[in-house]
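Summary of the model geometry
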Amino acid sequence: MSNNTFKGRSFTVIDDFSFDEKMYLFRKARELKELLRNNDKAALEKFRINDKRYINIRDLYFTQESTALYEDGATLATAATADIFINFEHNNITDYQRGLDLNRGVAFCSYKSNGVQYNREYFTSYPDNLLAVKLTADKSEMAFKLSMVIPYLGERTPEEGGKEGNVKTEQDVIILRGKLCARNLDFEAQMTVVTDGKKIECEDGIEVKGATFANIFYVQGTNYKLCPEVFLEQDASNKVFGEDPHETLTESLNNALSKGYEAIYKTHYEDYNNLFSRVEIDLGGIPEGETDKLLEEYKTSANSRYVEELYYQFGRYLLISSSRKGTTPASLQGVWSAHDKTPWSGGFWHNINVQMNYWPAFSTNLAETFAAYAEYAEAYRPQAENAAREYI
C-alpha cells in the first residue's frame, strides 16, 4: 500500500471540531484590504513577515455544530467557536515541510530556524474528545505565545446572530466563554500547555520560553443537545436543551493532563486505525512530489494512480473525522468552516449533499460513521411526521 501522506495543505478534524491550518493572511483578509487601501507600507511589511511560510503565526479554526443567524434571519448551521493562535518569533527558515498522515490521522510540520530543528504534530481524539498538539525543538530555545479569541466577535449585533463573550487566563488555563444570544446557546473552550520550559501567564494567554517540548490540550463544548424537541420547538430562541458545558470540559482537560500526550495519542491511533486500516487500495501508484503539484499535473495528464489512491483514502479520512456516534452528522462542508457566514449555510441538504457525504460509509467499510446521521434522522422524525400530515 502506498504511504498515504499528504504534503502541502494540511488539516485534521474530528467530532464537532474542525482544525484547519491556513495562512493567517486568509483569516485577516479584511484587515489586509484596509492596509492596502491606506497604503500603510510599514504595517504591510509587518503583515508579510508574520505570514511568511506559515511559520510565525499558526491560526487554528474550530467550529461547533449549532445554529446561528444570518442578518436576514436565515439559519446558519455552523458557527465558529474559537480561533487559536500559536505565535512564534522564528526567522531564517529552512527545510520547511508540512503534511497530513492519513494512516495515523495526524497533521505534521517541521522546519529549521537559526539552526534549531522544530517539529509539530496535531490530532483530535474522538475517545478523549479533545485536540492535542505536540511541539518539539532539538535545543531549549523554543518560545511562543498561546492565545485564543472568539472569531467575528462584535461584527454583528446579538439580534443579527452575533456573539457575546470573553477570554481569560487563570491557573494556567485559557478559558473562552461566550453566547450565541439569538439561539440562547452557551459555548466554552478551555486550553492549557505542559512544557519543560518556563511558563508565564498573561491576561490574554500563556507564554512559553526556553523549552524543548510543549504539549497543548484543547477542549470545547456547548449546551446544544440533539433531540426531537430541537425540531418541534417553534421558538428559535428556545431550542437549547443541554447542560452547561463548563464542568464537563474542566473534567476532560484534567483527565488529559493526568493521561498525558503519549497515552492520548495511543488511544486516538487505536480508535482511528480500527476504522481507517480496514481498506487498502493499491492501483500501482508511486508516491512522489507534493500533493498540490500532483493535483495540478493530474488536470492535464490524469494518469496518476497515486492521486486516485490518495483521493479515495482522503474521503474515508474526512468521513471518519466528521461523523461518529454522538456527534452531529457531516453537513454541507462536513464540519469545516472558518467563516462567520458559512457558504450555503453549512446545512443538511438532502437534494444530494448529505448523500454525497455518506457515499463512502458502506462502500468503503465505514458503517459506524453513519450512526451520527441515523441519530439525527431519528431526532427529526417526529417533526417530519408532523410535516407529512400537513401535506397529506
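Residues numbered from 1 in each chain as written. Predicted model: local features only at pLDDT ≥ 70, side-chain atom pairs only at ≥ 80, totals over all residues. Heavy atoms only, no water.

Considerations on the environment of N166
Looking at the element boundaries, N166 is found in strand β9 (residues 163–170). Remark: the alpha-carbon pair of N166 and E188, spanning 22 residues in sequence, is separated by 9.9 Å. If we ignore the near neighbours within four places in the chain, the residues touching N166 are I150, I175, L176 and R177. (Helix = DSSP H or I, 4+ residues; strand = E, 2+ residues; numbered from the N terminus. Contact = heavy atoms within 4.5 Å.)

What to know about the pairing of strand β4 (residues 93–101)
Across 7 bridges, β4 lies against strand β5 (residues 106–113) in antiparallel orientation. Residue I93 lies in a different strand from β5, and its bridge partner there is S113. The hairpin formed by β4 and β5 contains 4 residues between the paired strands, and G105 there has a positive phi angle of roughly 70 degrees. (Pairing = 2+ DSSP bridges.)

Some points on the pattern of salt bridges
Counted under the stated rule, the structure contains 17 salt bridges. For K168, the salt bridge identified is with E170, shortest N-O distance 3.6 Å. Judged by relative accessible area, which is 40%, K168 ranks as partly exposed. Looking at E170, the relative accessible area reads 38%, which means it is partly exposed. Where K266 meets E270, a salt bridge forms, and the shortest distance between an N and an O atom there is 2.6 Å. Here the residue K266 and the residue E270 both occupy positions in helix α6 (residues 261–276), the gap between them amounting to 4 residues, near one helical turn. The partly exposed category is assigned to E270, whose relative accessible area is 44%. Salt bridges sharing partners connect three or more residues here, namely R177, E188 and D244. (Salt bridge = Lys/Arg side-chain N within 4 Å of Asp/Glu carboxyl O. Buried < 20%, exposed > 50% of the residue type's maximum accessible area, 1.4 Å probe, protein only.)

Overview of the environment of Y306
Its place among the elements puts Y306 in helix α8 (residues 305–322). Between the C-alpha atom of Y306 and that of I286, which follows or precedes it by 20 residues, the distance is 5.7 Å.

A word on the confidence of the model for the chain
Low pLDDT means the predicted coordinates in that region are not meant to be read closely. Averaged over the chain, the pLDDT score is 82; the fraction of residues at 70 or greater is 80%. This stretch, residues 48–59, has a pLDDT under 50; its non-local contacts, to residues over four places away or in other chains, come to 43 contacts. With pLDDT under 50 throughout, residues 65–76 is counted as low confidence; its partners more than four residues away or in other chains account for 50 contacts. (pLDDT = per-residue confidence, 0-100.)

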